Amino acid sequence: MTPRPFSPPDAAPAANASNSATLSSPLAAAHPAYRADIDGLRALAVLAVVLYHAFPARLPGGFAGVDIFFVISGFLIGSILIAGIEQGSFRFSDFYARRVRRIFPALLLVLGASMLFGWFGLFPDEYKMLGQHVLAGAGFVSNFFLWSEVGYFDTAAETKPLLHLWSLGIEEQFYIVWPVLMWCAWRRGVSVLKLALVVLVLSFAVNLAGVHKFSSATFYSPASRVWEMLFGTVLAYLSVHRIKLFVGARQPGHDGAGERTTLFDAGSARARDVASVAGMLLLVAALALLRADRHFPGGWALLPVLGATLLIAAGPQALCNRLLLSNRVAVWFGLISYPLYLWHWPLLSFARIVESGLPSARVRVCAVLAAVLLAWLTYRLVERPLRGASGGRIKVMVLSGAMLALVAVAAGIVAGKGWPQRASMAVNALQQKDLVIVEDKANAAACKQRYGFDSLYEYCLLDQPARDPTVLLIGDSHAYHLVAGMTRYYRAQRENLWFLGTRVPFLGLPDGDDPYQKATPMMLKLALETPGIKTVIVSTAVKLHGENADGQSVMAAMRETVKQLLAAGREVILVYDLPMLDFDPRGCLRRPGVASSSTNVECAMPRATFDKNIAAHKQAWDAVLKDFPQVQVFDTAAPLCDAARCHAMIGTTLMYRDQHHFSYRGDLYMGELFARQQQARQRQ
């Protein structure tokens, strides 16, 4: 599950959307009047997201805070840009200097604190990843970086302490591009409103078109998210130009005074109350109805976007704005919302990392309270002193220099591969290596070139690239994690192991638009037709069952695949899959640099849990294998389990790198067992 962190708020004063505001100019001031209710709206967004991240079951739609903040940012920045450009007072240098003074101070503090904790508490692979995320966060491209990380071997979202900076990246990209577009449009006499509406419609169309087929791209791309900010920008234009958002209706005829009777005046206090209540109801619906497993943003994002738009449009004196959003508690949380946003997720994420799983409710409550305290201190001691324009040039230079220094340190962490030589990591350095994926990228590139594989989804390794293969290992990542051990064995036998990476390695299954599965038929064709292949080893994480039509079709596909391989004269070896752990194997290792860290698990799970989890699979597996007595089975679960437990560590070897993949040493261990099995068969 990918968490839905919210967009960082902008602290610039809000434009007053009320038509009753008295201004001396036809345009609102470039820095219009402060609105307490917008700070209250910030508070609603930030508290919803914090609660969602700490206790997702309590508020399943809390991630909608990102959309609320996108609307707020579009409105506030739009108000400043439109008024400034049309009055001729806008300066790019001033605008971006304010952004640096607003964004950098708290961000620097949180990034620096995260790297400091990582020095003591993160294993080298984790620390290297943190360094990469610091670089992406400092460059405001976290959304693109996280988008690029989505894939087969991606780590859990909850263990990425800077995951939440994706939304800051989108927002800063908007701040960089949109002012330039607005300025160019204004200089050429193009209506800013028309420009905003056109881009809004195009962006919303991209969002709808991509949310199902390209969910990660749609979530992280500014092209599919900018429409949310432009809702706020359009509202800002209407506000700055005092254009009523709604059109009133008048009843024909006259009242007793001879005036026309108003049936409904959209600018009236009553109409604004209605808009305020409607907006609040839409936000409540979003927080209650949205789910992380639904395609998002898509059309679902209209709930929080329209809700926030209506609340801002209603004005500070509208019912919910006045009574709920403008109260002192809400405003206080709104004022600290940006640093609270920055602090809360790293604290929760680091707690999960140290605890090797979901922390207790008590730990999560303490993390949230600590985030609130740190946010308040950051606001009072860091943000407020540095936000003002006094000494602005010096502040910008110092903040920019500090960011560059932080980037240099982060680059050093990445180049140093997480600095494994740290004293805090020396105690269990060998086991820490077990947590890292080992990949021979040069070999993979040579293999792909030899066979003309030109896409990310066509993956292969060939032990000796200059020779023809004689043994094929095919499957998903649960085949890849056996490559090293099997390569070692077959090399000793003067054979040449070839690995082909795909999804479910069976013939005749629908691909469901999965690019890995689309590559499967071609790879199985190679298994059947490549001269010199004597043995085909099939390994996959897929679990068989005959409980419904889908399960039966997978069983039938497996039968057909084995049948065709045997008919092609191949020896077939099927790998029986390893147990999936119910704990994170990182919990088997203590983090010496963290005083509270301990080995939080016994590094084993009950055998009964494993047997229950694979009961249907074992029954279906036995049913398929009954038809093919000549097929050999290599059971990777048996060496890990005794009568009572299934173990993640054998002796001092950590067999797993995550909950369902062998570590590199676990791979070699299984290779030794495979060698013994083959040697025993040869002696028969």
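Above: the structure in question.
Remember, it's a predicted structure, so these values are computed and weren't measured experimentally.

### Quick look at helix α6 (residues 165-187)
Argument step 1. With 23 residues, α6 ought to run about 33 Å at 1.5 Å a step, and its terminal C-alpha atoms sit 34 Å apart, in line with that.
Argument step 2. Gly189, located one to two residues past α6, shows a positive phi value of around 75°.

### What to know about the sheet that holds strand β7 (residues 571-576)
Argument step 1. Reading across from one edge, β3-β5-β4-β6-β7-β9 is the order of the 6 strands in this open sheet, with mixed pairing throughout. One side of each edge strand has no neighbouring strand; the edge strands of this open sheet are β3 (459-462) and β9 (632-635). Within this sheet the neighbouring strands show an average axis-to-axis angle of 20°, counted without direction.
Argument step 2. Pairing analysis gives 4 bridges linking strand β6 (residues 535-539) to β7, with the strands arranged parallel.

### A word on the side chain of Ser337
Argument step 1. Along the chain, the position of Ser337 falls in helix α14 (residues 337-355).
Argument step 2. Polar contacts involving the side chain of Ser337 include one to the main-chain carbonyl oxygen of Gly334, which spans 2.7 Å.

### Some thoughts on the environment of Lys563
Argument step 1. Along the polypeptide, Lys563 turns up in helix α23 (residues 549-567).
Argument step 2. Taking the C-alpha atoms as reference points, Lys563 and Phe628, separated by 65 residues in sequence, lie 8.2 Å from one another.

### So, the state of the cysteines
Argument step 1. One pass over the full model with this rule turns up 3 disulfides.
Argument step 2. Here Cys588 is linked by a disulfide to Cys603, with a sulfur-sulfur distance of 2.1 Å. Measuring the twist about the S-S bond at about 100°, one finds the Cys588-Cys603 disulfide to be right-handed. Here Cys603 lies in the loop between β7 and β8 (604-606) and Cys588 lies in the loop between β7 and β8, a separation of 15 residues in the sequence. Of the two residues examined, Cys588 and Cys603, each falls in the buried class.
Argument step 3. Here Cys641 engages in a disulfide with Cys646; their sulfurs sit 2.0 Å apart.

### What to know about the pairing of strand β4 (residues 471-475)
Argument step 1. Most of β4 sits out of view: 5 of its 5 residues are buried.
Argument step 2. Taking every second residue as pointing to the same face, both faces of β4 are buried, with Val471, Leu473 and Gly475 on one and Leu472 and Ile474 on the other.
Argument step 3. Bridge count between β4 and strand β5 (residues 497-501): 5 bridges; the pairing is parallel. By the bridge assignment for β5, Leu473 is matched with Phe499.
Argument step 4. Sheet topology note: the β4/β6 ladder contains 5 bridges and is parallel. Its bridge partner lying in β6, Val471 is registered against Thr535.

### Examining the packing of aromatic side chains
The geometry of an aromatic ring pair is captured by the separation of the ring centres together with the interplanar angle, meaning the angle of the planes.
Argument step 1. A full pass over the atoms with the stated rule returns 34 aromatic pairs.
Argument step 2. Where Trp166 meets Phe219, the ring centres are 4.6 Å apart and the plane angle is 40°; that geometry is what we call tilted. Taken as a pair, Trp166 in helix α6 and Phe219 in helix α8 (residues 215-220) lie far apart in primary sequence, 53 residues in all.
Argument step 3. Overall, Trp166 belongs to the buried group, its relative accessible area being 0%.
Argument step 4. Its relative accessible area of 2% is what places Phe219 among the buried residues.
Argument step 5. An angle of 65° between the planes, with centres 4.9 Å apart, marks the rings of Tyr489 and Tyr490 as edge-to-face. There is no split in this pair, since Tyr489 and Tyr490 are both buried.
Argument step 6. For Arg225, the ring lying beneath its charged end belongs to Phe219, and the centroid distance is 4.9 Å.

Cut-offs applied
Residues numbered from 1 in each chain as written. Predicted model: local features only at pLDDT ≥ 70, side-chain atom pairs only at ≥ 80, totals over all residues. Heavy atoms only, no water. Helix = DSSP H or I, 4+ residues; strand = E, 2+ residues; numbered from the N terminus. Expected span 1.5 Å × (residues − 1). Pairing = 2+ DSSP bridges. Axes fitted to C-alpha atoms, helices over the stretch in contact; angles between N-to-C directions. Polar contact = N/O pair within 3.5 Å; in protein donor to acceptor, adjacent residues only side chain to side chain. Disulfide = S-S within 2.5 Å. Buried < 20%, exposed > 50% of the residue type's maximum accessible area, 1.4 Å probe, protein only. Phe/Tyr/Trp six-rings, centres within 6.5 Å; stacked < 30°, edge-to-face > 60°. Lys NZ or Arg CZ within 6 Å of the ring centre and 35° of its normal.

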